[in-house]
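Listed below, chain by chain, are the residues.
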Protein chains: 2
Amino acid sequence: MARARVIVVGGGFGGLNLARGLKRAPVDVTLIDQTNHHLFQPLLYQVATAGLSLPEIAVPIRAVFDKQPNVRTLYGEVTGVDLETRQVRVANGSVLPYDYLVLAAGARTNYYGHDAWSAHSFGLKTADDAIALRERILRNFELAEATDDLEKRRVLLTSVVIGGGPTGVELAGAISELSRRVLLRDFRTLKPDMVRVVLVERAPRVLTAFDERLSRSAQRQLEELGVELQLARSVTGIDATGVTIDGTHVLAGTVAWTSGVAPVPLAARIPAKRDGSQRLIVGPDCALPEHPEVFVIGDMAAFVPDGAEQALPGLAPVAIQQGRHVARLIDREARARGNGEVDDKATNRPTRHAFHYVDKGIMATVGRSRAVMQFKGLRWSGFFAWLAWLVVHIYFLVGFRTRFLVILEWAWVYLRNASGSRIISEPWTGDRPVTQNRMKDTPAATTWTQNNNGRPS
Amino acid sequence: MARARVIVVGGGFGGLNLARGLKRAPVDVTLIDQTNHHLFQPLLYQVATAGLSLPEIAVPIRAVFDKQPNVRTLYGEVTGVDLETRQVRVANGSVLPYDYLVLAAGARTNYYGHDAWSAHSFGLKTADDAIALRERILRNFELAEATDDLEKRRVLLTSVVIGGGPTGVELAGAISELSRRVLLRDFRTLKPDMVRVVLVERAPRVLTAFDERLSRSAQRQLEELGVELQLARSVTGIDATGVTIDGTHVLAGTVAWTSGVAPVPLAARIPAKRDGSQRLIVGPDCALPEHPEVFVIGDMAAFVPDGAEQALPGLAPVAIQQGRHVARLIDREARARGNGEVDDKATNRPTRHAFHYVDKGIMATVGRSRAVMQFKGLRWSGFFAWLAWLVVHIYFLVGFRTRFLVILEWAWVYLRNASGSRIISEPWTGDRPVTQNRMKDTPAATTWTQNNNGRPS
């Protein structure tokens, strides 16, 4: 009897914890990811604001499974799944058969049909998003310092963050702190009153998932950091010059979009039921109703707990717990096969335990010594919430090395008010508006290459 | 009487030390650089081989002059100099007048007329060079793991380093160590005999600047690391498939070019005498013969010591010492002006001290516990030369933070044999040949953006 073949799509919180959970299971795991690293997304906003460097929150997926021989890592893109023949198609042409498939590819930035806006604003889901945003912010300060045109300066130093969820709140707070605490010291001709950070939220308050008192506290903390709140306002347009908020156009040098995510396109290519936000609907065992051998976890899945109205939110703890739960299910069934209790194709669904999410609470940091958290009855805000936030994030970071380095960097930032990664790796591109993604920035790249190789421009 | 205006072009070893040397001088310094950071180039090869991350060897130039109010930093490109009217033109259109001009913009990769080769090989002079090379090496391992075609694997795992100077030797050794020590552990289906690292040098030995015994020792150490030496061989062609060495074509997944540098294009735009390798010829005071107010230091300058045949080599110590020397000259003359001893335009050249280079010796590391160094009568190779190399490089790193982090990373690599920065920030681009510079990699960027934004591909 052959060992069960498990294919995991995605090396995020869900996929990583699932594969780890199968450490002792009699299965062969193939983990496929479009990047070569597991990214600790909760801290991505700190890479975008020069607080941390990418390798400090990213670990090579291969390194994670160094000592787990039953996991094989594949760096590539899954282009399709055939549920009937139980096969996964990979972009390089190979076709991989599976006994169990776990879809854990997560979500990407969603512009709700306004795809044109993506050309003029930064998402914050991938490593490149964060690096591109960081380079834009740093470059705009350089350009502002280089010009004498006061109006132009104000525009370059204006950042608009769209979306008042945790990511938006953390990003707006961090941009404001980076600008006022760190950069204004480096740039002598720039003054605090030239810096403007705007946070736009459709709802009447930020952090709508939190208790209303915490929202108000977060808003107060944001305003203390100099963030301008525009609540109960909607964005009606984004172009190369800035953002239109309820009809009024705000000229801005940097625009970040954190107000929506949707499952990666792969989800739409799976012939199964989806909810309103395109997430794949799963049963109590996290598997597709018609396909007990296909599990969907994390941001790709719509899991509605017993008796609940809404599906679980797209949080790291949900993905982690689902990953561990599904690992246990697969482990049990794989062993049952081993003992010949069931034949190779059977999945013995009736005996599967239902997944129960254990609420670990929610937290968001606003800035240095500032955060809000809510756990069962508890409502914390300010310094202690911030300490709790630090501990939790260090704890969940993958790998000793990254934990160690991040603690160091944070101590450094805290003590010296200087963030370490203020490096623009992309060379000078002139003071024309820089494109949103460095990798789309070919004209710049070309000009510069020519300068450097001395070919006629 | 106005304070003298000093314009420094370039924030490398020369420019940085010059500006620091003017800390107490009655002058206003404007330091112009095309990047926002001072790059510690001697360790750039470690960024290219995932040993260090960029922010660990780069410091924002502004941060360096945080506490030196007489230095103003400008992020931009110098497009021209008018020696007669004493003005510098910057790309953003502004024109800056100077009393003293210091040209310290350094060198760039030189293909000696074979500019087409640059499209198929990596230089190693800039931050982007190093990142692009690192991503190529890491991706080629991923692609090799993903294919079953053994021949294709061998090609992907073949690296050719052209140029047997310190950079070439260090890079070849580091690629071989990264491949054999770190990556082969991560990639289970790849075997040592599939990895091939070739070092090509036109001369009959590597490190021609060193004593012949040290060259032989370095060659032995390289071979111990599994580097294949092709000495007294010349490259006759480089294309997308590999390198042609004396007529034989070697298929290679990665090609690095370290065998030539030339001054940045700006040098050619200065109306003054140049030597065979396009460096600007300067007098004993490091200034242009016809323009005592214009100094040229570091890789841009051809400084021939009294009685010597050859100009000083392009080494960090030369640039550092020249920077400090010129700072002293300017300081003295600026004070003389202050006391009204001389009028504003005079430079009082006859009284200037001539620059004398104090030879600090030369060293090159080959790999872990392997290096060669030569200082006056001393000839060291092996472990102790390597220790000396470590100490010297830590010492010359700019900034406490970077020193501290680099020591940590090195300790980590040494103890764990795992290098920390094995992150491919650029997403999956399929197994077609990846272009040499990530920033030219638009198709990849586009494909991927589409995948991520769910637009039809």
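Residues numbered from 1 in each chain as written. Chains lettered and ligands numbered in written order. Predicted model: local features only at pLDDT ≥ 70, side-chain atom pairs only at ≥ 80, totals over all residues. Heavy atoms only, no water.

1. Description of the pattern of salt bridges
Part 1 of the reasoning: Per the counting criterion, the structure on display carries 32 salt bridges over all chains.
Part 2 of the reasoning: Measuring nitrogen to oxygen at the nearest pair gives 2.6 Å for the salt bridge that ties A:Arg181 to A:Glu177. A residue pair is termed a helical-turn pair when its members lie 3 or 4 positions apart in one helix, as A:Arg181 and A:Glu177 do in helix α6 (residues 166-186) at 4 residues.
Part 3 of the reasoning: Of the charged contacts, one joins B:Arg349 and B:Asp285 as a salt bridge, the two residues approaching to 2.8 Å between their closest N and O atoms. Taken together, the residues B:Arg349 in the loop between α8 (316-338) and β23 (362-367) and B:Asp285 in the loop between β19 (280-281) and β20 (287-288) connect sequence positions 64 residues apart.
Part 4 of the reasoning: By relative accessible area, which is 4% here, B:Asp285 ends up buried.
Part 5 of the reasoning: Bridged by salt links that share partners, the residues A:Asp285, A:Glu333, A:Arg349 and A:Arg352 form one connected network. (Salt bridge = Lys/Arg side-chain N within 4 Å of Asp/Glu carboxyl O. Helix = DSSP H or I, 4+ residues; strand = E, 2+ residues; numbered from the N terminus. Buried < 20%, exposed > 50% of the residue type's maximum accessible area, 1.4 Å probe, protein only.)

2. Overview of the side chain of B:Glu142
Part 1 of the reasoning: One can find B:Glu142 in helix α4 (residues 127-146).
Part 2 of the reasoning: What B:Glu142 contacts, discounting residues up to four positions off in sequence, is A:Asn36, A:Arg62, A:Tyr75, B:Phe187 and B:Ile424. (Contact = heavy atoms within 4.5 Å.)

3. Observations concerning helix α7 (residues 212-224) of chain B
All names here are of chain B.
Part 1 of the reasoning: For α7, built from 13 residues, the straight-helix expectation of 18 Å at 1.5 Å per residue is met to within 8% by its first-to-last C-alpha distance of 18 Å.
Part 2 of the reasoning: Within α7, burial applies to Leu214, Ser215, Ser217, Ala218, Gln219, Gln221 and Leu222.
Part 3 of the reasoning: Those residues of α7 that are buried are in contact with α6 (166-186), β12 (196-201), β13 (227-231), β23, β24 (370-375) and β25 (378-381).
Part 4 of the reasoning: Following α7 by one or two positions, Gly226 adopts a phi angle in the positive range, close to 85 degrees. (Expected span 1.5 Å × (residues − 1).)

4. Topic: the packing of aromatic side chains
All names here are of chain A.
Part 1 of the reasoning: A complete count under the given rule lists 16 aromatic pairs over all chains for this structure.
Part 2 of the reasoning: Taken together, a centroid distance of 5.8 Å and an interplanar angle of 40 degrees make the contact between Phe383 and Trp386 tilted. One end of the pair is Phe383 and the other is Trp386, both in helix α9 (residues 383-396) and 3 residues apart, which spans about a single turn.
Part 3 of the reasoning: When its relative accessible area of 37% is taken as the criterion, Phe383 is described as partly exposed. (Phe/Tyr/Trp six-rings, centres within 6.5 Å; stacked < 30°, edge-to-face > 60°.)

5. With respect to the packing of helix α4 (residues 127-146) of chain A against α6(A)
All names here are of chain A.
Part 1 of the reasoning: Their axes nearest at 12 Å, the elements α4 and α6 cross at an angle of 40 degrees. Between α4 and α6 the crossing geometry is right-handed. Mapping the contact onto sequence places Leu133, Ile137, Leu138 and Phe141 in α4 and Leu171, Ile175, Leu178, Ser179, Leu183 and Leu184 in α6.
Part 2 of the reasoning: Here the contact of α4 with α6 is built from residues that sort into 9 nonpolar, 1 polar and no charged. (Axes fitted to C-alpha atoms, helices over the stretch in contact; angles between N-to-C directions. Left-handed = near helix turned anticlockwise from the far one by under 90°. Nonpolar A, V, L, I, M, F, W, Y, C, P; charged D, E, K, R; others polar.)

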